[in-house]
Amino acid sequence: MDLELGGKVVLVTGGSDGLGAALALRLVREGARVALCARGAERLEATASALREAGGDVLAQVTDISRAQEVERFVEAAVARWGRVDGLVNNAGTAAARPFAEVDDAAWEADLQLKLFAAVRTARRVLPHLRAAGGGSIVNVLAIGAKAPGAHSMPSSVSRAAGMALTKALSKELGPAGIRVNAVLVGLIESGQWERKAEASGQSVEALYTKLAKDSGIPLGRVGKAEEFADVVAFLLSPRAGYVSGTALNVDGGLSPAV
Ligand SMILES: NC(=O)c1ccc[n+]([C@@H]2O[C@H](COP(=O)([O-])OP(=O)(O)OC[C@H]3O[C@@H](n4cnc5c(N)ncnc54)[C@H](OP(=O)(O)O)[C@@H]3O)[C@@H](O)[C@H]2O)c1
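Residues numbered from 1 in each chain as written. Predicted model: local features only at pLDDT ≥ 70, side-chain atom pairs only at ≥ 80, totals over all residues. Heavy atoms only, no water.

### Observations regarding the overall build of the protein chain
Secondary structure summary: the protein chain contains eight helices and nine strands in total. A globule of 259 residues ought to have a C-alpha radius of gyration of about 18 Å, and the protein chain, at 17 Å, matches this closely. Seen through its C-alpha atoms, the protein chain measures out along the principal axes to roughly 45 × 40 × 40 Å. Across the 259 residues in the protein chain, those meeting the buried criterion constitute 50%. A fraction of 74% describes how many contacts in the protein chain between residues 6 or more apart in sequence connect residues 24 or more apart. (Helix = DSSP H or I, 4+ residues; strand = E, 2+ residues; numbered from the N terminus. Rg over C-alpha atoms; globule rule 2.2 N^0.38 Å. Buried < 20%, exposed > 50% of the residue type's maximum accessible area, 1.4 Å probe, protein only. Contact = heavy atoms within 4.5 Å.)

Right under this line is the structure:
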């Protein structure tokens, strides 16, 4: 299936590693032009170089997406380079799941800045450009805890639930302008964060993935591949998903108890 993403301009936050980097590669292979951001310059440049070697027209900008001015600069850089925006993927994030009593105000504030306010600000900044392009697609990367928050899952499950409300409300508001807004709810998928966790605990990443799949009881019996996430998000960004808006799609091998 041709996703008809050739020449489209897509912004991916947190695109230097893991799921965001896999998505960027998928988009480059589809002929899209991709702007990536992350805080760490070295890894960002390494990812951007690999994407350019794969033939990509790629912009990489060091950005802390939880800071309003940096969000503004990231979007402006993409618009200055290509003069348009067709898609936005709010992907940057980190795991933050602890017992309620252990989460202080600073941790709540940091998580909401990274996962909610960053998405609010990037969407606000790209909106005039999506309108000017005659429509587009926003994908918010969340976690299955958004629909099914568990014990010891704060602050992330609460930030993610807010992201789901943002997705639905925005889809209602922006639909008339031809702008589709969807969320992808991730279960457990291979990425940089798990590689770092395996290294820190002195085990192989394969052993960690096997343990994660077993302990969490994923019905498909394994942790997901970053490419499987990338395929779903690329589809949601594409005109092939032209009648899909306001959804929150689990990409979790059946793990979530909620449909
Ligand atoms: N993989 C999973 O199993 C899983 C499960 C549930 C939800 N998710 C969500 O999926 C998204 C991608 O996760 P991942 O597993 O691919 O994580 P990852 O491998 O740790 O990659 C995260 C990316 O986000 C960037 N990032 C983090 N904080 C940032 C900030 N403040 N500003 C800009 N960039 C930032 C990182 O680069 P720098 O560190 O250099 O900034 C990196 O490029 C996240 O929102 C995560 O919460 C993933």
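### Points about helix 5 (residues 156–174)
In this model helix 5 runs 26 Å from its N-terminal to its C-terminal C-alpha over 19 residues, within 8% of the 27 Å that 1.5 Å per residue would give. Those residues of helix 5 not exposed but buried are Ser156, Ser157, Ser159, Arg160, Gly163, Leu166, Thr167, Leu170, Ser171 and Leu174. Looking at the buried side of helix 5, the elements it contacts are helix 4 (105–132), strand 6 (136–143), strand 7 (154–155) and strand 8 (179–186). (Expected span 1.5 Å × (residues − 1).)

### Some remarks on the site of the ligand
Looking at the ligand, there are 31 residues lining it, with Ser16, Arg39, Asn91, Ser191 and Arg196 nearest. Taking Ile65, its main chain carries an N or O atom lying 2.9 Å from a nitrogen atom of the ligand. Asn91 places a polar main-chain atom, nitrogen or oxygen, 2.7 Å from an oxygen atom of the ligand. Protein chains bury 93% of the 880 Å² of accessible surface belonging to the ligand in isolation. A molecule is said to occupy a pocket when more than half its atoms come within 2 Å of that pocket's grid points, and by this definition the ligand occupies the largest pocket. The set of elements that each furnish at least two residues to the shell around the ligand consists of helix 1 (18–29), strand 6 and helix 6 (192–200). Here the shell around the ligand takes four residues from helix 6, the largest share from any one element. (Near = heavy atom within 4 Å. Polar contact = N/O pair within 3.5 Å; in protein donor to acceptor, adjacent residues only side chain to side chain. Areas by Shrake-Rupley, 256 points an atom, 1.4 Å probe, with all protein chains shown as cover. 1 Å grid on protein atoms, 1.4 Å probe; cavity = no way out; pocket = protein on both sides within 12 Å on 5 of 7 lines; lining within 4 Å. Sits in = over half its atoms within 2 Å of the grid points.)

### Here we look at the pairing of strand 2 (residues 33–38)
Across the six residues of strand 2, five count as buried, placing the element largely inside the fold. Relative to strand 2, strand 1 (residues 9–13) is paired through five bridges, and the arrangement is parallel. By the bridge assignment for strand 2, Val12 is matched with Leu36. Each parallel crossover has a hand, and for strand 1 linked through helix 1 to strand 2 it is right-handed. The pairing of strand 2 with strand 3 (residues 58–62) spans five bridges and is classified as parallel. Bridged to Val34 within strand 3 is Val58. This β-α-β element, strand 2 to helix 2 (residues 41–53) to strand 3, shows right-handed connectivity. (Pairing = 2+ DSSP bridges. Right-handed = clockwise from strand over helix to strand, strands pointing away.)

### Observations regarding the layout of surface pockets
In this structure, the largest pocket occupies an estimated 1,400 Å³ of space. Taken together, 50 residues line the largest pocket, and the ones lying closest to its centre are Thr94, Ala95, Ala96, Arg160 and Gln193. Contributions of two or more residues to the lining of the largest pocket are made by helix 1, strand 2, helix 4, strand 6, helix 5 and helix 6. When residues of the lining of the largest pocket are assigned to their parent elements, the largest contribution, five residues, is made by helix 6. Taken together, the residues that form the lining of the largest pocket break down as 22 nonpolar, 20 polar and eight charged. In terms of domain composition, the lining of the largest pocket takes at least three residues from each of domain 1 (9–189 + 226–241) and domain 2 (191–223). Looking at the second largest pocket, its volume works out to about 190 Å³. (Points joined across faces, edges and corners; volume = space filled by probe spheres on them. Nonpolar A, V, L, I, M, F, W, Y, C, P; charged D, E, K, R; others polar. Domains from an automatic or database assignment.)

### Considering the side chain of Asn250
Counting through the fold element by element, Asn250 comes out in strand 9 (residues 248–251). Polar side-chain contacts of Asn250 include one of 3.3 Å to the side chain of Lys147. Within the structure, Asn250 has its side chain in polar contact with the backbone oxygen of Ala258 (distance 2.9 Å). The contact partners of Asn250, leaving out residues within four places of it in the chain, are Ile144, Lys147, Leu185, Ser256, Ala258 and Val259.

### Focus: unusual backbone geometry
The step from Met154 to Pro155 runs through a cis peptide bond, and the omega angle for that step is 10°. Among the structural elements, Pro155 can be located in strand 7. Residue Glu4 is not a glycine yet carries a positive backbone phi of 55°. Classification of Glu4 as partly exposed rests on a relative accessible area of 38%. Positive phi, close to 60°, is recorded for His152, a residue that is not glycine. Looking at where His152 falls in the secondary structure, it is placed in the loop between strand 6 and strand 7. The exposed category is assigned to His152, whose relative accessible area is 53%.

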